[in-house]
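Structural features, examined
Below are the chains, spelled out letter by letter.
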Amino acid sequence: MVYSSVDTTPEAGEANVTIHAIGSGTGIFSESVGSLATGTLYYFRAYATNAVGTGYGTVAQFTTNTTPVISIADATLAYTENGGAVQTDSAATLSDADGDSEWNAGTLKAQVTANSEAADEVSISGTGVSVSGTDLMVSGTDVGDVSASGGVVTGGTALSITFDADATNAIVQNVLRSILYRNTSDDPGTSNRTLTVTATDSHGASASDTRTISLAAVNDPPTLSATGKDPEFSEDGAAAVLFESASVSTVEGGQSLAGLEVEVTEVRDATEFLRIDGTDVALTQGETGTTSGSSLAYGVTVSDTTATVSLSGGTLTTGEAAALVNAMAYLNSSDTPTASPDRVVTLTVLTDSGGTANGGTDTAALSVSSTVSVTAANDPPTAAGFTAAPIYQGTPYSFTTGAFGYGDVEGNDLDHLRIPSVPANGSLWVDTDGSGTINGSEQVLANNGTVSKADLDAGRFSYLNTSGTSSSFVFGVSDADDDSTSTYTCTLTVTAEPTVTLSLAPASSIDENGGSTNAKATLSHAFDKAVTVSLAFSGTAAGSGTDYTASGASITISSGSLSGTVAITGVDDVLDEADETVIVSISSVTNGSESGVQEETVTLTDDDAEPTVVFTSAAQASTDESGTLTLTAELSAVSGRAVTVPFTIGTGSTATGGARIIPFRPAR
């Protein structure tokens, strides 16, 4: 066979004539010829060659099929994240010069062929064009079938349309213009997509064109969900955790969480806090600082009873942000928290790092709440240890209510004292009759005894110490509901009865002629009762006005004083005598005791002259040698001490004798 699009009578060997060998021998031959130009008139005829020569058949002609012509705009189609489906090209053209019939069984295919993602979507919808199931409808007429129900494919899947006999060039072009693109992701990739559209007629001739689609990402607001635990916060208890099961997303990858706002309503106390990121943030106006965990800057504003905590400067991952929310807690450090109304803690704003380019949003409005009920508790009362003074041996001491330092943060009154441990020295009791002594039905308090507030207020709670040794006792306080958690010590500083010492003042030696000194009793310390010191007098001097007088037989030292005296005064006489003594000692002490053995000696100095002596006997003669001569000596004055008069016999005497002393007894 020979054929040519130029030569109307083609023969082998001629220019512009193509030979196509089919076979040899005799018979009926057929062959398909390819690589022909489309839409071209060809002339062809068969020929055969034998030994004689070549013979040609009749010239016939045919025109080849025309390829469809498709044109889509070359300019890049701009698509913005979250936008609606856009037409690939509202002015695209498509036709087949061979006529409308070329579309019966022809196809149109649209596919994202470069950088496709799962969220890429190709669909069909336009003026008069719709899809019902897999039927393609144009102005109510079924003109073909689509490869996907609803006429929508995703990712890199091709959307194919197979036309039927109702399709025309105009219909097919309208369908081309109805091809749409969109991306359904909130975090699409921004690489350009290539959308390829291929038109194939019923004879298999096809043509393609492409459209480049650019994607502009738009920041979506972050998301946060959590479950409010609606906890109860108990006074003095642990911080109440507010949320659980928190889930946080930036939507787009590669972003972090930058800020969070939390609102707390019904803030009534200056002692309320939110524990955020490891830091207790006070819910007071103007509070600022940085959290200890992720170094978030925080600031607090308060309007009426609503506090808003703003956190900023964060670079938190979604996991870190969720952990922060799950660990957020409420606490109140007051011992008298306001219990009602409940506090409502609400997460109100979350910010990511995505910015606002292309109309994006980096801030999400939230309404995730947790209600905190606050339960006040009765706080145990407190007291303070103290020293009770002055306490004197033998004198009852009454305690006052105020001495115990009672305190209660709720203002509850004292109910009673508890005495876990009584003093080792002395006795505690309730002096019901005010006698100052433990009598009648009154009992000494034992360990774990109690004293009512009424007895305290009336001054009936008393202590009596008779040993003089200081002591202490342990006490606690109780209101109507609770005992103090601590116990306290009352130190009982007891002033023991004083000891007494004696001294002489101003001198220990006085003249017998009206000389005077004082026997002075001095106490070791002042005392709350009068101290009576009973004295005893002895010595060589005679009292009762003979040799001396004493102004009293005892010394009374009044309460608060340290000393007292008794005067000793000499009484004059006319006897020459030796110095005499008055010995002053203590016989007994009332409200005190003698310091060891006290004794002082007063010396009465004699002021009388010694008497003179004269012999008063007359001359005597002895008639024989056995006679006795009596000599008489006379004192000039009576003496208070023995006087002896020694004498001698003169050297001119011839007689010798016996005793030569004349004695005088002392006078009294």
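**Some remarks on the overall build of the protein**
Of the regular secondary structure elements, the protein holds three helices and 55 strands. Taken over C-alpha atoms, the radius of gyration comes to 68 Å for the protein, far larger than the 26 Å a tight globule of 668 residues would show. Judged by the C-alpha coordinates and their principal axes, the protein covers about 250 × 60 × 40 Å. Residue pairs in contact within the protein that sit at least 24 positions apart in sequence constitute 67% of those at least 6 positions apart. Here the protein has roughly 31,900 Å² of accessible surface; of this, 48% comes from carbon and sulfur atoms. Between the centroid of the 19 positive side chains of the protein and the centroid of its 79 negative side chains there is a distance of 6 Å.

**Observations concerning the nonpolar core**
Looking at soluble globular proteins, one finds that nonpolar side chains tend to be buried together. Residues Leu224, Leu260, Leu274, Met328 and Leu347 are the most contacted members of the largest nonpolar core, which totals 41 residues. With 35 residues, the next largest nonpolar core counts Ala110, Val112, Ile124 and Ile161 among its residues.

**Brief notes about the pattern of salt bridges**
Where side chains of opposite charge bring their charged atoms close, a pairing between them can arise. Within this structure, the stated rule accounts for 12 salt bridges. A salt bridge links Arg268 to Glu266, with the nearest nitrogen and oxygen atoms 2.5 Å apart. For Arg268, a relative accessible area of 42% gives the class partly exposed. The shortest N-O distance in the salt bridge between Asp457 and Lys453 comes to 2.6 Å. Of this pair, Asp457 and Lys453 are both found in helix 3 (residues 453–457), four residues apart, which corresponds to roughly one turn of the helix. Residue classification places Asp457 among the partly exposed positions, given a relative accessible area of 45%.

**Some remarks on the packing of aromatic side chains**
For any pair of aromatic rings, the description consists of the separation of the ring centres together with the inter-plane angle of the planes. A full pass over the atoms with the stated rule returns 19 aromatic pairs. Plain terms: the ring middles of Phe404 and Phe475 are 5.0 Å apart, the flat faces sit at 85° to each other, and that makes the pair edge-to-face. Residue Phe404 is found in the loop between strand 35 (397–398) and strand 36 (416–421), and its partner Phe475 is found in strand 40 (residues 471–478); the two are separated by 71 residues along the sequence. A relative accessible area of 1% places Phe404 in the buried class. Given the relative accessible area of 0%, Phe475 is considered buried. Among the aromatic residues, those joined into a cluster by ring pairs are Phe386, Tyr397, Phe399, Phe404, Phe461, Phe473, Phe475 and Tyr488.

**Topic: the sheet that holds strand 49 (residues 580–590)**
What the five strands build is an open sheet, ordered 43-51-49-45-47; its pairing is mixed. Edge positions in the sheet fall to strand 43 (509–511) and strand 47 (554–557), since each has one partner strand and no second. Between one strand and the next, the sheet's axes are offset by a mean angle of 25°, whatever the strand orientation. Pairing between strand 45 (residues 531–538) and strand 47: four bridges, direction antiparallel. Paired with Val531 across the bridge in strand 47 is Ile557.

**Digging into the sheet that holds strand 17 (residues 159–163)**
Read from one edge of the open sheet, eight strands run 8-20-19-11-17-15-14-13, paired in mixed fashion. Single-partner strands in this sheet number two, and they are strand 8 (77–80) and strand 13 (129–132). For this sheet, the mean angle separating the axes of adjacent strands, direction not counted, is 30°. Bridge analysis of strand 15 (residues 141–146) against strand 17 gives three bridges, and the strand direction is antiparallel. Across the sheet, the residue bridging to Gly144 is Phe163, located in strand 17.

**Comments concerning the side chain of Asp220**
Among the structural elements, Asp220 can be located in the loop between strand 20 (206–216) and strand 21 (223–228). Of note is the side chain of Asp220, whose polar atom sits 2.8 Å from the side chain of Asn82. Setting aside residues up to four positions removed in sequence, Asp220 forms contacts with Glu81, Asn82, Asp186, Thr250, Val251, Glu252, Asp352 and Thr361.

**Topic: unusual backbone geometry**
For residues that are not glycine, phi is negative in most cases, and the peptide bond is trans in most cases. Look at the link from Ser340 to Pro341: it is a cis peptide, with omega at 5°. Structurally, the position occupied by Pro341 is in the loop between strand 31 (329–332) and strand 32 (343–352). With an omega of -5°, the peptide bond between Ala389 and Pro390 qualifies as cis. Positionally, Pro390 belongs in strand 34 (residues 386–392).

Thresholds, definitions, all that
Residues numbered from 1 in each chain as written. Predicted model: local features only at pLDDT ≥ 70, side-chain atom pairs only at ≥ 80, totals over all residues. Heavy atoms only, no water. Helix = DSSP H or I, 4+ residues; strand = E, 2+ residues; numbered from the N terminus. Rg over C-alpha atoms; globule rule 2.2 N^0.38 Å. Contact = heavy atoms within 4.5 Å. Areas by Shrake-Rupley, 256 points an atom, 1.4 Å probe, with all protein chains shown as cover. Lys, Arg positive; Asp, Glu negative; His and termini not counted. Charge placed at Lys NZ, Arg CZ, Asp CG, Glu CD. Core = buried A, V, L, I, M, F, W, Y, C linked by side-chain atoms within 4.5 Å. Buried < 20%, exposed > 50% of the residue type's maximum accessible area, 1.4 Å probe, protein only. Salt bridge = Lys/Arg side-chain N within 4 Å of Asp/Glu carboxyl O. Phe/Tyr/Trp six-rings, centres within 6.5 Å; stacked < 30°, edge-to-face > 60°. Pairing = 2+ DSSP bridges. Axes fitted to C-alpha atoms, helices over the stretch in contact; angles between N-to-C directions. Polar contact = N/O pair within 3.5 Å; in protein donor to acceptor, adjacent residues only side chain to side chain.

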